[in-house]
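The lines below spell out each chain.
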Amino acid sequence: MRIYREKDYAAVSRRAAAMIGSLILQKPDCVLGLATGSTPIGAYQKLIEAYQRGDLDFSAVRTVNLDEYRGLDGTNEQSYRYFMNHQLFDHVNIDKANTFVPDGMAADGEAAGRAYDEKIKSLGGTDLQLLGLGENGHIGFNEPGAFIAGTHIVKLTRSTIEANSRLFRDISEVPTQAITMGLWGIMTSREVLLVANGPKKAAALRGALYGPVTPDLPASVLQLHPNLIVVCDEAALPE
Ligand code: F6R
């Protein structure tokens, strides 16, 4: 495990973007596992700036996202497909046909999960999986309680619904289910880049990095990954 403890969110974003950018330079057709949420937005902004400077070319990059709310299609402003288009894809020269997000609208969620894992396999797995961290220790939407390998439907916990309600008009609008990549998809990535900032993440981050590996804190499984990189700020990892 390598930990980069940065002064603030801007520095976290710069370093995370530099790592993703250098992978794209080394392997122009790399497969990136991407995350939504507030944490990666700064890194996505830096990647867009690098593209605009002419320093990065996304034309051959493939992406697979971690998760999607159940019941929201890609035109819904709260969907993760919409988020990815607006926070990154619309601003770089990526071919959207090469960008994949789990299907939140599938009637058969289990079949959609299996199909998503087949898609990841057909791409040869991910070169780098970017992860944010839930306040309750979730990664993707792998909520506390069980380690589940495949992409699956999950009932969101109260803590996650409350944390995500800041992005909705009312908490009653937050979907109660999601489809998420499981631990197989995450742990088979050749590199995992976990980003976290702010004091609200401190307890989960400490537990994930230094506590027991337990389904009660799903991110703790990352201790077993041979190539885990953590980029966080001082507030998320106080001394
Ligand atoms: C997002 C995702 C979630 C978030 C986590 C942290 O695709 O899978 O695990 O990474 O909820 O969210 P933020 O960054 O908003 O604190």
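That block above? That's the structure.
Residues numbered from 1 in each chain as written. Predicted model: local features only at pLDDT ≥ 70, side-chain atom pairs only at ≥ 80, totals over all residues. Heavy atoms only, no water.

What about the site of the ligand?
Working step 1: Near the ligand you find 14 residues, and of these Thr39, Asp67, His138, Gly140 and Lys201 are the closest.
Working step 2: Contact distances for the ligand include 2.8 Å between an oxygen atom and a side-chain N or O atom of threonine 36.
Working step 3: The backbone of glycine 140 places a nitrogen or oxygen atom 2.7 Å from an oxygen atom of the ligand.
Working step 4: Protein contact buries 93% of the 410 Å² of open area that the ligand shows by itself.
Working step 5: Grouping the amino acids of the shell around the ligand by side-chain chemistry returns three nonpolar, eight polar and three charged. (Near = heavy atom within 4 Å. Polar contact = N/O pair within 3.5 Å; in protein donor to acceptor, adjacent residues only side chain to side chain. Areas by Shrake-Rupley, 256 points an atom, 1.4 Å probe, with all protein chains shown as cover. Nonpolar A, V, L, I, M, F, W, Y, C, P; charged D, E, K, R; others polar.)

Some points on a nonpolar patch on the surface
Working step 1: A cluster of nonpolar side chains, Met1, Ile3 and Tyr210, forms an exposed patch at the surface whose accessible area comes to about 300 Å².
Working step 2: In this fold, tyrosine 210 is placed in helix H7 (residues 202-210).
Working step 3: Its relative accessible area of 49% is what places tyrosine 210 among the partly exposed residues. (Patch = residues over 30% accessible without salt bridge, like charges linked within 9 Å, V, L, I, M, F, W, Y side chains within 5 Å. Salt bridge = Lys/Arg side-chain N within 4 Å of Asp/Glu carboxyl O. Helix = DSSP H or I, 4+ residues; strand = E, 2+ residues; numbered from the N terminus. Buried < 20%, exposed > 50% of the residue type's maximum accessible area, 1.4 Å probe, protein only.)

Some points on the sheet that holds strand E1 (residues 2-6)
Working step 1: With parallel pairing, the seven strands of this open sheet are ordered in space as E1-E10-E9-E6-E2-E3-E5. Here the strands that pair on one side only, and so sit at the sheet edges, are E1 and strand E5 (99-100).
Working step 2: Bridge count for strand E9 (residues 192-196) against strand E10 (residues 228-233) is five bridges, and the pairing is parallel. Within E10, the position partnered with leucine 194 by the bridge is valine 230.
Working step 3: Relative to the sheet, H7 contacts E1, E9 and E10, its axis offset from that of E10 by approximately 155 degrees. (Pairing = 2+ DSSP bridges. Contact = heavy atoms within 4.5 Å. Axes fitted to C-alpha atoms, helices over the stretch in contact; angles between N-to-C directions.)

Quick word on the pattern of salt bridges
Working step 1: If you walk through the whole model with that rule in mind, you get 11 salt bridges.
Working step 2: In this structure, lysine 46 and glutamate 49 form a salt bridge, with 3.4 Å as the shortest nitrogen-oxygen distance. Of the two residues, lysine 46 and glutamate 49 both sit in helix H2 (residues 41-52), three residues apart, roughly one turn of that helix.
Working step 3: Judged by its relative accessible area of 27%, glutamate 49 is partly exposed.
Working step 4: Its salt-bridge partner being glutamate 173, residue arginine 169 comes within 3.2 Å of it at the nearest N-O pair.
Working step 5: The class for glutamate 173 is partly exposed, based on a relative accessible area of 36%.
Working step 6: Overlapping salt bridges bring together Lys27, Asp127 and Arg190 as one network.

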